[in-house]
Amino acid sequence: MEDMKKITVEQAARSFHQHLKAFRESLGDYTLPDWEETTKHNREMGVRFVRYTLANQSITPESHHEKWVANMAKRGWRHGNERNPDKKTHPCMVPWEDLPYHEQAKTVLMIATVNILRPMICDDEEDDEGATAEGGAEEPQSPRPNGNYNSLGRMNVKHMYVTNFM
């Protein structure tokens, strides 16, 4: 197998951010700025998401969403018809099965982007230990989730979409 180019966790976070931006724009939402123009907080959240996904390789979109809802609730957020940081309301503070299809697809896209890039990501900081979606402690999972990689360690994207989303 030829040598694979390595990328940093931040480069992986930038990639998934840009994929997310393109996905949202395909739905008519042009509010997400490019990586370079987004807030420092959003870039840090992207890096934490990549580290969390790397450390928890068997995470499903459903379990990621459940963890996100729990972390938001701990910080005082609750369900509301629109996202309002002042009132701490968010329309996605619902069970996975109640999320609109496009929100479920967004979560699958974010995880899939990191998993596709996984063999290329080199984390120089090596602080994935204990990484979670919101920075708390969580036990890392096994190196390769069953069924999501082929014998060469390449991501089986079709399998991941079929088993985690369909």
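Residues numbered from 1 in each chain as written. Predicted model: local features only at pLDDT ≥ 70, side-chain atom pairs only at ≥ 80, totals over all residues. Heavy atoms only, no water.

Student: I'm lost on helix H3 (residues 61–74) in this one. Help?
Tutor: One turn of the α-helix equals 3.6 residues, which is why residues spaced by three or four share an orientation. For H3, built from 14 residues, the straight-helix expectation of 20 Å at 1.5 Å per residue is met to within 8% by its first-to-last C-alpha distance of 20 Å. Among the residues of H3, Pro-61, His-64, His-65, Trp-68, Val-69, Asn-71 and Met-72 are the ones counted as buried. Viewed along the axis of H3, the buried residues span an arc of 165°, placing them on a single side of the element. In this structure, H3 carries Glu-66 and Lys-74 as exposed residues pointing more than 90 degrees from its buried face. After H3 finishes, the residue Gly-76 shows a positive phi value of roughly 95°. (Helix = DSSP H or I, 4+ residues; strand = E, 2+ residues; numbered from the N terminus. Expected span 1.5 Å × (residues − 1). Buried < 20%, exposed > 50% of the residue type's maximum accessible area, 1.4 Å probe, protein only. Arc of directions from axis to C-beta.)

Student: Would you mind going over the pattern of salt bridges with me for this structure?
Tutor: Evaluation of the coordinates by the stated rule reveals six salt bridges. Where Arg-14 meets Glu-36, a salt bridge forms, and the shortest distance between an N and an O atom there is 2.9 Å. Remark: Glu-36 occurs in the loop between helix H1 (9–26) and helix H2 (40–55) and Arg-14 occurs in helix H1; sequence separation between them is 22 residues. According to the relative accessible area criterion, Arg-14 is partly exposed, its value standing at 35%. (Salt bridge = Lys/Arg side-chain N within 4 Å of Asp/Glu carboxyl O.)

Student: What is the right way to read unusual backbone geometry from this model?
Tutor: Most peptide bonds are trans, and most residues other than glycine sit at a negative phi. In this structure, Lys-88 takes a positive phi of about 55° despite not being glycine. Inspection of the secondary structure puts Lys-88 in the loop between strand S1 (78–79) and strand S2 (89–90). Classification of Lys-88 as partly exposed rests on a relative accessible area of 33%.

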